[in-house]
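Fold and contact review
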Amino acid sequence: PSFLRPRSAIMVDRYRKKIAAMVIQLAKDDPQFVKAMIQKLKRSGEIEADDLYYLERIADRWIKIAEENLQKARR
């Protein structure tokens, strides 16, 4: 329960959630950028191959949505 955790742990938890929400929003707003940054981090060895996989999936989903919308607009 939250009442058993120290106040600093609660603040860190909120901070992490806020950061995660911002990163997910970035993956929606600019999925190509997110995918490029993940690839760069993988090549440099800063993250493992399966790290940030969920963000890649979100970015892929939004890339697909953008492509579908572009095709609809062309019709």
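For the structure given in this document, a descriptive report is provided here. (Residues numbered from 1 in each chain as written. Predicted model: local features only at pLDDT ≥ 70, side-chain atom pairs only at ≥ 80, totals over all residues. Heavy atoms only, no water.)

Some details on the environment of proline 31
In this fold, proline 31 is placed in helix α2 (residues 31-44). Separated by 31 residues in the primary sequence, proline 31 and tryptophan 62 have C-alpha atoms spaced 6.5 Å apart. Leaving out residues up to four positions away in the same chain, proline 31 has contacts with Leu26, Ala59, Trp62 and Ile63. (Helix = DSSP H or I, 4+ residues; strand = E, 2+ residues; numbered from the N terminus. Contact = heavy atoms within 4.5 Å.)

Description of the packing of α2 against helix α3 (residues 53-74)
With their axes 8 Å apart at the nearest point, α2 and α3 run at an angle of 145 degrees to one another. Of the two possible hands of crossing, α2 and α3 adopt the one that is left-handed. For the pair α2 and α3, contact is made by Pro31, Gln32, Val34, Lys35, Ile38, Gln39 and Lys42 and by Leu55, Glu56, Ala59, Asp60, Trp62 and Ile63, respectively. The residue inventory of the contact of α2 with α3, partitioned by class, reads seven nonpolar, two polar and four charged. (Axes fitted to C-alpha atoms, helices over the stretch in contact; angles between N-to-C directions. Left-handed = near helix turned anticlockwise from the far one by under 90°. Nonpolar A, V, L, I, M, F, W, Y, C, P; charged D, E, K, R; others polar.)

Let's talk about the pattern of salt bridges
By the definition in use, this model includes two salt bridges. Residues lysine 35 and aspartate 60 are paired through a salt bridge, measuring 2.7 Å at the closest nitrogen-oxygen approach. Of this pair, lysine 35 sits in helix α2 while aspartate 60 sits in helix α3, and the two are 25 residues apart along the sequence. We note a salt bridge from lysine 42 to glutamate 56, for which the minimum N-O separation is 3.0 Å. A residue pair is termed long-range when its members are at least 10 positions apart, and lysine 42 in helix α2 and glutamate 56 in helix α3 qualify at 14 residues. By relative accessible area, lysine 42 is classed as partly exposed at 23%. (Salt bridge = Lys/Arg side-chain N within 4 Å of Asp/Glu carboxyl O. Buried < 20%, exposed > 50% of the residue type's maximum accessible area, 1.4 Å probe, protein only.)

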